[in-house]
Amino acid sequence: MAAPELSRPEGLARRDPPPRPDSPELAAAPLAADLPARLAAVAPRVVVVGDAVLDQWLTGPSRRLSREAPVPVVEVDHTHGSPGAAANTAANLAALGARTEFVSVLGDDADGATVREVLAGFGVGTAGVVTDPSRPTAAKRRVLADEALVARFDTSSREPLDADRRAAVHEALRTAVEGADAVVVCDYGGGIVDDETVALVGSLLDAPGERTCRLVVDAHDPARWAPARPDVVTPNAGEAKLLLGRELGGPDRVAAAEAAGPELRERSGAASVVVTLDRDGALLLPDDGSPTHRTFARPAPEANTCGAGDTFTAALVLALAAGTPAATAVELAQAAADVVVGRPGTSVCGTGELAERVAAAEGPLLDAASLATIVHDQRVAGRRVVFTNGCFDVVHRGHVASLNQAKRLGDVLVVALNSDESVARLKGPERPLNPLADRAAVIGALSCVDHVTAFDADTPAELLDLLRPDVYAKGGDYTPEMLRETATVTAYGGRVVILDYLPDRSTTSLVDRIRSGS
């Protein structure tokens, strides 16, 4: 099937400088559904430096215990690798539209080659990645039996780099930082950065308050980076404990973190601190006199939170590098983290998915451009996209049955609703009975529906040509030959499927019965 005329967010493949990210509109931008696309259009240049990991997931059924020991035997039938740690931050930044350069060290092994290949697929620049044949690429391999984690085994080296590799990393960093809008440090104690790196980063950037390049530090030991005077540090609860030398005491971790704000800033050397508290959201502790700002997280199982902190950091850095207010940047970061905690494994949040998450508070309707980005990302990820459409004015059993059947034809179901004007043309001036926003809310609440959009024309042919779903499913008493949309779908290589029809189940017949009192 031909690919749609879409691309990943601007800036993933190109390396020419975009307009400087000092737009007055962004400087006062609230959190809104169009903000992710606006940030991707700015495409700030971001350098990520730190420890790279290959996250690998080996999954399969388990039907018996081993004879050697009472442990499950997992029949691995699928292996999936993702960039982890600093590499995951870089991948998320690129997926959100930043022009991203990565500075790190990988081993001369298959795991290192996999990390490079995946990063290149996201458009991350890897010229600054140094190869070290003397150390393995860090990897975390998780074995899942029927979706339950039963084992994890790691490969890593925490030995300091030798002098030659250290010099190569520092030279790569000097080259990458020139002209950057932000530098994000991901220091997880893997031996890639040391005190010399801290001093180098501090010397490469202007003094705090005069910087044109933001410095954001995500480190297991934030105090180590105090001499570089970061603009923002992002400790989690455990890292905040290390900074303070004590637990965030009491039953209310948020209140404890807020009370410790001045101390956290002083010990980290940072202008602002963003404390991430997993299920309790995040807390922005600024030093410019503006109030503390808290976000509220989407609850998720612990198994689904792998890499969410990397996604949070990536979205935060993107927004700050483009000049958005800190409170808006933290809200955007929380929304991005909420996207990936809804999935198993280490995942990446793209511009379209982030826009959809932000828009969810206003309703489930997506505009065509945002939906096109989402569909493209899902197709790249190997998911089969199914599209159906209709008025769905008064949802009844026939609608629900058809939508469930449509979802079973693929992995992702997109439902396009006729606009109110389109319904009136098709059904008469007294329709629709429910306005578009209400119809979208009902359809979007069905578990089988993944995305909802709308169209104004009498047919969705233009929308189909934009999205190019794998399957166009149509409910009702039709044949493919009766549909004007069939020519559009077959032209790009898609398939038309007619769903089962339940007689005597229609909105028109329901309305007639209500009016007649029968």
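Sequence order as written defines residue numbering, which begins from 1 separately in each chain. Owing to the predicted nature of the model, reporting of local features is limited to residues with pLDDT of at least 70; listing and counting of side-chain atom pairs is limited to 80 or more, with chain, interface and lining totals taken over all residues. Excluding hydrogens and water, the side-chain values take into account all heavy atoms of the structure.

A.B. asks: Can you lay out the pairing of strand 13 (residues 272-276) for me, pointing to particular residues and giving the numbers?
C.D. replies: Two faces, one strand: in a regular strand the side chains alternate between the faces of the sheet. Exposure is judged per residue with a 1.4 Å probe applied to protein chains only, and the accessible area is read against the type maximum: over 50% gives exposed, under 20% gives buried, and values in between give partly exposed. The numbering of helices and of strands both runs from the N terminus, where a helix is a DSSP run of H or I of at least 4 residues and a strand a run of E of at least 2. Within strand 13, five of the five residues are buried, which leaves the element mostly enclosed by the surrounding structure. Both faces of strand 13 are covered, namely the face carrying Ser-272, Val-274 and Thr-276 and the face carrying Val-273 and Val-275. By definition, two strands form a pair when at least two bridges between them are found by DSSP. Sheet topology note: the strand 12 (residues 232-233)/strand 13 ladder contains two bridges and is parallel. Pairing of Val-233 across the sheet is with Val-273, part of strand 13. Inspection of the sheet shows strand 13 paired to strand 14 (residues 282-285) by four bridges, in the antiparallel sense.

A.B. asks: How would you explain the confidence of the model for the protein if you had to name every residue and give the values?
C.D. replies: In low-pLDDT segments, the atomic positions of the prediction should not be examined closely. Residue-level confidence of the predictor, termed pLDDT, takes values from 0 up to 100. A residue-level look at the protein finds 88% of positions with pLDDT of 70 or above and a mean pLDDT of 86. The spread of mean pLDDT over the elements of the protein runs between helix 19 (residues 507-516), the lowest at 62, and strand 1 (residues 45-50), the highest at 98.

A.B. asks: How would you summarise the packing of aromatic side chains if you had to cite specific residues and measurements?
C.D. replies: Aromatic pairing here means that ring centres of Phe, Tyr or Trp (its six-membered ring) are within 6.5 Å. Orientation follows from the plane angle: under 30 degrees is stacked, over 60 is edge-to-face, and everything else is tilted. Using the criterion set out here, one finds one aromatic pair in the structure. The interplanar angle of 50 degrees and the centroid separation of 5.9 Å between the aromatic rings of Phe-387 and Tyr-472 together place this pair among those described as tilted. Of this pair, Phe-387 sits in strand 17 (residues 385-390) while Tyr-472 sits in strand 20 (residues 471-474), placing them 85 residues apart in sequence. In this structure Phe-387 comes out as buried when scored by relative accessible area, which is 1%. Comment: the charge-over-ring label is applied if NZ (Lys) or CZ (Arg) is within 6 Å of the ring centre and within 35 degrees of the ring normal. Between Arg-142 and the ring centre of Trp-57, over which it is positioned, the NZ or CZ distance is 4.6 Å.

A.B. asks: Tell me about the sheet that holds strand 5 (residues 78-85), and please be specific about residues and values.
C.D. replies: The strands making up a sheet are joined through hydrogen bonds of the backbone, oriented either antiparallel or parallel. Here four strands make up an open sheet; going across it, the order is 5-2-8-9 and the pairing mixed. Strand pairing shows two members of the sheet lacking a second neighbour, strand 5 and strand 9 (148-155), which therefore form its edges. When strand polarity is set aside, the average angle formed by the axes of neighbouring strands in this sheet is 20 degrees. Where strand 2 (residues 52-60) lies against strand 8 (residues 139-145), seven bridges are found, and the strand directions are parallel. Bridge assignment links Leu-54 to a residue of strand 8, and that residue is Ala-139. What makes two residues a contact is simply this: any of their non-hydrogen atoms within 4.5 Å. Each axis is a line fitted through C-alpha atoms, taken for helices only over the stretch in contact, and angles between the N-to-C directions span 0 to 180 degrees. Those strands touched by helix 4 (residues 110-122) are strand 2, strand 5 and strand 8, and its axis lies near 95 degrees from that of strand 2.

A.B. asks: Go over the packing of helix 7 (residues 237-244) against helix 9 (residues 261-268) with me, naming the residues and quoting the values.
C.D. replies: As a packed pair, helix 7 and helix 9 sit with axes 9 Å apart at the nearest point and diverge in direction by 75 degrees. When the axis of helix 7 is compared with that of helix 9, the two are roughly perpendicular. Listed contacts from helix 9 to Ala-240, Leu-243 and Leu-244 of helix 7 are Glu-263, Leu-264, Arg-267 and Ser-268. Only Asp, Glu, Lys and Arg are considered charged in this grouping, and only Ala, Val, Leu, Ile, Met, Phe, Trp, Tyr, Cys and Pro are considered nonpolar; every other residue, Gly among them, is considered polar. Residue classes in the contact of helix 7 with helix 9 are distributed as four nonpolar, one polar and two charged. Our angle categories are set so that under 35 degrees counts as roughly parallel, over 145 as roughly antiparallel, 65 to 115 as roughly perpendicular, and the remainder as oblique.

A.B. asks: Would you mind going over the nonpolar core in detail, with residue names and values included?
C.D. replies: Only buried residues count toward a nonpolar core, which is a set of Ala, Val, Leu, Ile, Met, Phe, Trp, Tyr and Cys residues joined through side-chain atoms within 4.5 Å. Among the nonpolar cores identified, the biggest contains 62 residues, and Val-46, Val-48, Leu-93, Phe-102 and Leu-316 are the most heavily contacted of them. Element by element, the count of residues in this core is highest for helix 10 (residues 308-321), at 10 residues. Among the nonpolar cores identified, the runner-up in size contains 42 residues, and Val-49, Val-169, Val-177 and Val-183 belong to it.

A.B. asks: Requested: an account of the pattern of salt bridges, with residues and values cited.
C.D. replies: Salt-bridge detection follows one rule: a side-chain nitrogen of Lys or Arg within 4 Å of a carboxyl oxygen of Asp or Glu. If you walk through the whole model with that rule in mind, you get 22 salt bridges. Where Glu-171 meets Arg-174, a salt bridge forms, and the shortest distance between an N and an O atom there is 3.6 Å. On the criterion of helical spacing, the pair formed by Glu-171 and Arg-174 is a turn pair, its members being three residues apart in helix 5 (residues 163-177). For the salt bridge of Asp-187 with Arg-224, the shortest nitrogen-to-oxygen distance reads 3.0 Å. Here the residue Asp-187 occupies a position in strand 10 (residues 182-187), and Arg-224 occupies one in the loop between strand 11 (214-219) and strand 12, the gap between them amounting to 37 residues. Using a relative accessible area of 4% as the deciding quantity, one classes Asp-187 as buried. With a relative accessible area of 25%, Arg-224 lands in the partly exposed category. Beyond isolated ion pairs, a larger network of salt bridges with shared partners links Arg-253, Asp-278, Arg-279 and Asp-280.

A.B. asks: I'd like a rundown of the sheet that holds strand 16 (residues 365-366), residues and numbers included.
C.D. replies: The strand order 16-19-18-17-20-21 describes an open sheet built from six strands, whose pairing is parallel. Strand pairing shows two members of the sheet lacking a second neighbour, strand 16 and strand 21 (495-498), which therefore form its edges. Here helix 18 (residues 485-492) sits on the sheet in contact with strand 17, strand 20 and strand 21, set at roughly 140 degrees to strand 21.

A.B. asks: Quick one: what's the story with helix 4, residue by residue and with numbers?
C.D. replies: Spanning 13 residues, helix 4 covers 19 Å between terminal C-alpha atoms, matching the ideal 18 Å at 1.5 Å per step. Residues of helix 4 that are buried include every one of Asp-111, Gly-112, Val-115, Leu-119 and Phe-122, and no others. The buried residues of helix 4 occupy one face: seen down the axis, they fall within an arc of 100 degrees. The exposed residues of helix 4 that point more than 90 degrees off its buried face are Ala-110, Glu-117 and Gly-121. Considering only its buried residues, helix 4 is in contact with strand 2, strand 5, helix 3 (86-95), strand 6 (99-107), strand 7 (125-132) and strand 8. Downstream of helix 4 by a residue or two, Gly-123 has a phi angle that is positive, lying close to 90 degrees. Between the first and last residue of a helix there are one fewer steps than residues, each counted as 1.5 Å, and that sum is the expected span. It is the directions from the helix axis to the C-beta atoms whose arc is reported.

A.B. asks: Mind laying out the environment of Leu-285, listing which residues take part and the relevant values?
C.D. replies: Tracing the backbone through its elements, the reader meets Leu-285 in strand 14. If we ignore the near neighbours within four places in the chain, the residues touching Leu-285 are Ala-257, Glu-258, Gly-261, Leu-264, Arg-265, Ala-271, Ser-272, Val-273, Val-275 and Thr-292.

A.B. asks: Describe in detail the side chain of Asp-187, supporting the description with residues and values.
C.D. replies: A polar contact of 3.0 Å, which involves the side chain of Asp-187, links it to the side chain of Arg-224. Each residue touching Asp-187, except ones within four places of it in the same chain, is listed here: Asp-51, Val-193, Asp-218, Ala-219, His-220, Arg-224 and Trp-225. In the analysis that follows, any N or O atom pair within 3.5 Å is treated as a polar contact, provided that within protein one partner can donate a hydrogen and the other can accept it, and provided that, for residues neighboring in sequence, both atoms belong to side chains.

A.B. asks: Give a detailed account of unusual backbone geometry, specifying residues and quantitative values.
C.D. replies: Keep in mind that most residues, glycine aside, have a negative phi and that most peptide bonds are trans. Pro-432 follows Arg-431 through a cis peptide bond whose omega is 5 degrees. With respect to the element layout, Pro-432 can be found in the loop between helix 15 (420-427) and helix 16 (436-444). You will see that Asp-146, though not glycine, has its phi angle at about 50 degrees, which is positive. Within the element layout of this structure, Asp-146 appears in the loop between strand 8 and strand 9. Phi at Arg-229 is positive, roughly 50 degrees, even though this residue is not glycine. With respect to the helices, strands and loops of the structure, Arg-229 is situated in the loop between strand 11 and strand 12.

A.B. asks: Report on helix 13 (residues 368-380), specifying residues and quantitative values.
C.D. replies: Because each turn of an α-helix spans 3.6 residues, side chains separated by three or four positions in sequence point in the same direction. For helix 13, spanning 13 residues, the distance from its first C-alpha to its last is 18 Å, which sits close to the expected 18 Å at 1.5 Å a residue. The complete set of buried residues in helix 13 reads Ser-370, Leu-371, Ala-372, Ile-374, Val-375, His-376, Asp-377, Gln-378 and Arg-379. Near the N-terminus of helix 13, the side chain that reaches the backbone nitrogen of Ala-369, with its oxygen 3.1 Å away, is that of Asp-367. Of the residues one or two after helix 13, Gly-382 is the one with positive phi, at around 90 degrees.

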